[in-house]
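Architecture and fold: a report
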Amino acid sequence: MASNRVPLAIVYDFDGTLAPGNMQERDFIPALKMKSRDFWRRVKAEAEKHDADEILSYMHLMLDRAQAHQVTVRKQDFQNYGKNLPLFNGLVDYVEQDENKDGWFDRIKKYATLSGIKAEHYIVSSGMREMVEGSAIAKHFRMIYASGFMYDHHGVANWPALALNYTTKTQYIFRINKGSLRVYDHSKINRHIPKKEREVPFENMIFIGDGETDIPCFRLVTEQGGNAIAVYKPNTRGARSRCEEYVKQGRVKFIAPADYRDGRPVDRIVKSIIDKLASDHHLDSLRP
């Protein structure tokens, strides 16, 4: 392992977890001259008609409608859409009461470092990789696993390169676990690697998500000894009760509003997990 510090992977869904709503709905779908509800209704109809995956269906519809309405779909175009994505409170650097404070990602990394923990942030999302790459927080992630396109010699999107649905998202949890981070590289992902030799043990993982598409990842991380946190949009009717069901079902250990400011519940939960991880590691080092 490259570092003597204890590894910690904090893995996030994106839509509904770090940003409200679906990222395609902000600017891209309106550019297609469609309402969001009509776009997603069409996606479901196409998936049912062809017995197809819904993620591949929405990616196909994006390209099909873009061509029909002369909307450019180069990588930079998608990244530009990502620049305008709204984010939940606390994620980016902010100034409060004239005091400069770190945003969530730097703050958690610094807190972990003081405890001898090497924290790394990752995205595992069914949303658009290129839009996440264009967002204000992209620089904080070691890896961004999300649905993305291949591009032709003109730089125009022409085919899906990667599509992450409910269950395939768990593959990328295993990639982080084993240290097999490149999507094209399967040399380690299917190889038996003893738990003690894996780059990030499941017990050293936190998965933060918000809804049904995250359930397989919630369950995988929880059942393997890690910590799953379900977040919900603050001040939204019924949002907390839905997350409480995940706790009752044993899918997550914690719930919190999607508010990442210093001292808010999700901040306290993650810092407490870091404290416990550091304490457990210290006790292990004292055993004969």
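Just above, that's the structure.
Described below are features of the structure shown in this document. (Residues numbered from 1 in each chain as written. Predicted model: local features only at pLDDT ≥ 70, side-chain atom pairs only at ≥ 80, totals over all residues. Heavy atoms only, no water.)

A short note on the sheet that holds strand β9 (residues 254-257)
The strands making up a sheet associate through backbone hydrogen bonding, with each pair oriented either parallel or antiparallel. Taken together, the 7 strands give an open sheet; going across it, the order is β6-β5-β4-β1-β7-β8-β9, and neighbouring strands pair in mixed fashion. Two strands close off the open sheet at either side, each with one partner strand: β6 (157-162) and β9. The sheet shows a mean angle of 25 degrees between the axes of neighbouring strands, taken without regard to direction. Pairing analysis gives 4 bridges linking strand β5 (residues 141-151) to β6, with the strands arranged antiparallel. Bridging from a neighbouring strand, Tyr-151 pairs with Ala-157 of β6. (Pairing = 2+ DSSP bridges. Helix = DSSP H or I, 4+ residues; strand = E, 2+ residues; numbered from the N terminus. Axes fitted to C-alpha atoms, helices over the stretch in contact; angles between N-to-C directions.)

Comments concerning the packing of helix α5 (residues 104-114) against helix α10 (residues 265-286)
The geometry of α5 relative to α10 is characterised by a closest axis approach of 10 Å and an angle of 25 degrees between their N-to-C directions. Between α5 and α10, the crossing angle belongs to the class labelled roughly parallel. In this structure, α5 meets α10 at a crossing whose hand is right-handed. Of α10, the residues touching α5 (which contributes Trp-104, Arg-107, Ile-108, Tyr-111 and Ala-112) are Val-266, Asp-267, Val-270, Lys-271, Ile-274 and Asp-275. (Parallel < 35°, antiparallel > 145°, perpendicular 65-115°, else oblique. Left-handed = near helix turned anticlockwise from the far one by under 90°. Contact = heavy atoms within 4.5 Å.)

Some points on the side chain of Ser-57
Relative to the assigned elements, Ser-57 resides in helix α3 (residues 54-68). The buried category is assigned to Ser-57, whose relative accessible area is 9%. Dropping the residues within four chain positions of it, Ser-57 is found in contact with Val-43, Glu-46, Ala-47 and Ala-52. (Buried < 20%, exposed > 50% of the residue type's maximum accessible area, 1.4 Å probe, protein only.)

Quick look at the nonpolar core
Residues Leu-18, Phe-28 and Tyr-260 are the most contacted members of the largest nonpolar core, which totals 59 residues. What Leu-18 contacts, discounting residues up to four positions off in sequence, is Tyr-12, Asp-13, Leu-87, Phe-88, Leu-91, Phe-105, Ile-123, Ile-137, Phe-141 and Tyr-260. Listed in part, the 29 residues of the second largest apolar core include Tyr-122, Phe-218, Leu-220 and Ile-255. (Core = buried A, V, L, I, M, F, W, Y, C linked by side-chain atoms within 4.5 Å.)

Notes on α10
Side chains three or four residues apart in an α-helix point the same way, a direct result of the helix having 3.6 residues per turn. Its 22 residues give α10 an end-to-end C-alpha distance of 32 Å, which sits within 8% of 32 Å, the value for a rise of 1.5 Å per residue. Among the residues of α10, those classed as buried are Val-266, Asp-267, Ile-269, Val-270, Lys-271, Ile-273, Ile-274, Leu-277 and Ala-278. (Expected span 1.5 Å × (residues − 1).)

Here's the deal with the pattern of salt bridges
Considering all chains together, one arrives at 17 salt bridges under this definition. In this structure, the salt-bridge partner of Lys-248 is Glu-245, at a minimum N-O distance of 3.4 Å. Taken together, the residues Lys-248 and Glu-245, both in helix α9 (residues 239-248) and 3 residues apart, mark about one turn of the helix. We classify Lys-248 as exposed; its relative accessible area is 66%. In this structure Glu-245 comes out as partly exposed when scored by relative accessible area, which is 34%. Ionic contacts of the salt-bridge type, sharing partners, join the residues Arg-107, Asp-262, Asp-267 and Lys-271 into one network. (Salt bridge = Lys/Arg side-chain N within 4 Å of Asp/Glu carboxyl O.)

Describing the packing of aromatic side chains
As enumerated under the stated definition, the model contains 13 aromatic pairs in all. Consider the rings of Phe-78 and Phe-149, whose centres lie 5.5 Å apart with planes at 15 degrees: the pair is stacked. Linking Phe-78 in helix α4 (residues 75-83) with Phe-149 in strand β5, this pair joins segments that are 71 residues apart in sequence. Both residues of the pair, Phe-78 and Phe-149, belong to the buried class. (Phe/Tyr/Trp six-rings, centres within 6.5 Å; stacked < 30°, edge-to-face > 60°.)

A few points about the state of the cysteines
Under the defined criterion, the tally for this structure stands at 0 disulfides. There is no disulfide at Cys-217, and the cysteine sulfur nearest it, in Cys-243, is 15 Å away. By relative accessible area, which is 0% here, Cys-217 ends up buried. A residue is classified by how much of its surface remains accessible, and Cys-243, at 0% relative accessible area, is buried. (Disulfide = S-S within 2.5 Å.)

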